[in-house]
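# Secondary and tertiary structure notes
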Amino acid sequence: MKYPLGWYLGLLVGSIFGLYILGQGFVALDTAYTIEHSAALTTAETVTLSDGSSVTNYAYSHTPYFLPLQAIGLMSIFLPVVLVFYWSIRYMLVEKNTRRLLYSLSFPLLYALCEGIYFFAVMDPSSGWEYMIGMSLLFVWSGIVFFSIVLINTILLLRSKKRVSSDREK
């Protein structure tokens, strides 16, 4: 790797929070547009039933910020995970030893920490079951990322140790 470990960890934190800030900006724009243009975005259709009563169905159009908001949302979920996997495995491939294995785990740990900080800053603990589900999903997702990286990097380390021991036997 061309730069020191701290450089890549800083880029990871910057990309995580940068995407979340960008996403929150689009949420604010979407909300403001919806409030300002609610009449144009809402269509109502009144249906008269056979018994003489009527029901009104409402349909809502998307704002111009809907697709960018969805794209930023997906990027903020998957891009940091891709970066964590890529940089952690690349860091391990430079030199395969136990110290490198432990340092490569700083990527998923920092990812989990940033996700937790963002979650606790955004979510309201008084929301009850939604808060508990969000915490559970955060814990499970971060755990899957962490243990996947542990498994991949441990396999890389063990394969390199196996090659070294087989080279010594020759």
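Preceding this paragraph is the structure being described.
## Looking at the nonpolar core
Judged by nonpolar contacts, the single largest core of 19 residues is most densely connected at Leu12, Ile16, Val84, Trp87, Phe107, Tyr111 and Val145. Every element with two or more residues in this core is listed here: helix 1 (5-36), helix 3 (66-94), helix 5 (106-122) and helix 6 (129-169). Broken down by element, this core gets its largest block of residues, six residues, from helix 1. Residues within four places of Val84 in sequence aside, it is in contact with Leu12, Phe107, Pro108, Tyr111, Val145 and Ile149.

## Side note on the environment of Ser142
Here Ser142 lies in helix 6. On the basis of relative accessible area, Ser142 is assigned to the buried category, the value being 8%. Residues Ser142 and Leu109, 33 residues apart in the sequence, show an inter-C-alpha distance of 8.3 Å. For Ser142, the contacting residues outside a window of four places in its chain are Tyr111 and Ala112.

## A few points about the layout of surface pockets
In this structure, the largest pocket occupies an estimated 440 Å³ of space. Tyr20, Ile77, Glu115, Tyr118 and Phe119 are the residues nearest the centre of the largest pocket, which is lined by 15 residues in total. Of all the elements in the fold, those that place two or more residues in the lining of the largest pocket are helix 1, helix 3, helix 5 and helix 6. With five residues, the top contributor of residues to the lining of the largest pocket is helix 5.

What counts and what doesn't
- Residues numbered from 1 in each chain as written.
- Predicted model: local features only at pLDDT ≥ 70, side-chain atom pairs only at ≥ 80, totals over all residues.
- Heavy atoms only, no water.
- Core = buried A, V, L, I, M, F, W, Y, C linked by side-chain atoms within 4.5 Å.
- Buried < 20%, exposed > 50% of the residue type's maximum accessible area, 1.4 Å probe, protein only.
- Helix = DSSP H or I, 4+ residues; strand = E, 2+ residues; numbered from the N terminus.
- Contact = heavy atoms within 4.5 Å.
- 1 Å grid on protein atoms, 1.4 Å probe; cavity = no way out; pocket = protein on both sides within 12 Å on 5 of 7 lines; lining within 4 Å.
- Points joined across faces, edges and corners; volume = space filled by probe spheres on them.

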